[in-house]
Amino acid sequence: MPSPVDGYSCKDSSTSSDPVPSKFDMWVRDIARCANTPLDNPVSASWVAAGAAVGRRIGLMVCPHDGFVVVPNLWGAVVGDPSQRKSAISTAFKPLQVLESEAAIAYEEHEADRIGIEAQLKNAKNSLGKARKEGKGVIPEDDRNAHRALQDDFKEASREVRYIATDPTVPKLGELLVDNPLGILVYRDELSGFCA
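The model shown is predicted, which means the values in this text are computed figures rather than measured ones.

Caption draft 1: Highlighting the overall build of the protein chain. Within the protein chain, the secondary structure is distributed over 7 helices and 6 strands. Going from the N terminus to the C terminus, the protein chain shows its helices and strands as β-β-α-α-β-β-α-α-α-β-α-β-α. Within the span of the protein chain, comprising 196 residues, buried residues form 23% of the whole. Within the protein chain, residue pairs in contact and separated by at least 24 positions form 42% of the contacts whose partners lie at least 6 positions apart.

Following this line, the structure appears as structure tokens:
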């Protein structure tokens, strides 16, 4: 039996399981045991979930001399008979769901901040209009900078962090990606719905 290499627990080649990251080992085996599903299913889902958590934070420099960086996307699909309980892979996304719940709570807690910034932005816009009339079309640089800063603050306060999107339409996914430039996990229960 080979020894563990680079954080992977190597399994005996006579078993049907692929190498599983040691940090995921007990967790994915527990999912497979509880759901009575092949180990490959939760292993695949856990890799995709980890890839979604990392997102665009890591890139590959293909050619070090030209600075070209490729950000990899991790795709995964589980295909099997109806009796294999493939839907149990959603359990591997629980850590991302916890992060999403925490982000939703933080978003709700900052509702008052968004309302305050929006009111300041409205006042600044009115001030810019008055300054334009008084200055005959010329707006002072300080007023423009203050308005721009408020716009940036409002955009940041309005940004809702998401980690998972379940069966989104293409336009909705585009909106989600604008607010989440690091990436998002798109989960579809049926592969045919993704291809259609």
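Caption draft 2: Representation of the packing of helix H1 (residues 25-35) against helix H2 (residues 40-54). Where H1 meets H2, the closest approach of the two axes is 8 Å, and the angle between their N-to-C directions is 135°. Regarding the angle of H1 to H2, the classification is oblique. Judged by the sense of rotation from one axis to the other, the crossing of H1 with H2 is right-handed. Between H1, through Trp27, Val28, Ile31 and Ala32, and H2, the contact on the second element is made entirely by Pro42, Val43 and Ser46. Here the residues of the contact of H1 with H2 are counted per class, giving 6 nonpolar, 1 polar and no charged.

Caption draft 3: Geometry of the packing of aromatic side chains. Scanning the entire structure with this criterion turns up 3 aromatic pairs. Residues Phe24 and Trp27 carry aromatic rings whose centres are separated by 5.9 Å and whose planes lie at 75° to one another, so their mutual orientation is edge-to-face. Seen from their ring centres, Phe24 and Trp47 are 6.4 Å apart, and the 70° between their planes marks the pair as edge-to-face. Taken as a pair, Phe24 in the loop between strand S2 (20-21) and H1 and Trp47 in helix H2 lie far apart in primary sequence, 23 residues in all. An aromatic cluster of at least three residues, connected via ring pairs, comprises Phe24, Trp27 and Trp47.

Caption draft 4: Just the packing of helix H4 (residues 111-134) against helix H5 (residues 141-158), in detail. Across the interface, H4 lies against H5 with an axial gap of 9 Å and an inter-helix angle of 155°. Comparing their axes, H5 and H4 come out roughly antiparallel. Helix-helix and strand crossings are classified by hand; for H4 and H5 the assignment is left-handed. Counting all contacts with H4, which are made through Arg114, Ile117, Glu118, Gln120, Leu121, Ala124, Lys125, Leu128 and Ala131, the residues of H5 involved are Asp143, Arg144, His147, Leu150, Gln151, Asp153, Phe154, Ala157 and Ser158.

Caption draft 5: Layout of the layout of surface pockets. One number sums up the size of the largest pocket: a volume of about 1300 Å³. Together, 39 residues line the largest pocket, and Val48, Leu74, Trp75, Gly76 and Val186 are the ones closest to its centre. Of all the elements in the fold, those that place two or more residues in the lining of the largest pocket are H2, helix H6 (170-179), strand S6 (185-187) and helix H7 (191-195). In terms of residues, the lining of the largest pocket owes the most to one element, H2, which gives 7 residues. The residue inventory of the lining of the largest pocket, partitioned by class, reads 26 nonpolar, 8 polar and 5 charged.

Rules behind the numbers
Residues numbered from 1 in each chain as written. Predicted model: local features only at pLDDT ≥ 70, side-chain atom pairs only at ≥ 80, totals over all residues. Heavy atoms only, no water. Helix = DSSP H or I, 4+ residues; strand = E, 2+ residues; numbered from the N terminus. Buried < 20%, exposed > 50% of the residue type's maximum accessible area, 1.4 Å probe, protein only. Contact = heavy atoms within 4.5 Å. Axes fitted to C-alpha atoms, helices over the stretch in contact; angles between N-to-C directions. Parallel < 35°, antiparallel > 145°, perpendicular 65-115°, else oblique. Left-handed = near helix turned anticlockwise from the far one by under 90°. Nonpolar A, V, L, I, M, F, W, Y, C, P; charged D, E, K, R; others polar. Phe/Tyr/Trp six-rings, centres within 6.5 Å; stacked < 30°, edge-to-face > 60°. 1 Å grid on protein atoms, 1.4 Å probe; cavity = no way out; pocket = protein on both sides within 12 Å on 5 of 7 lines; lining within 4 Å. Points joined across faces, edges and corners; volume = space filled by probe spheres on them.

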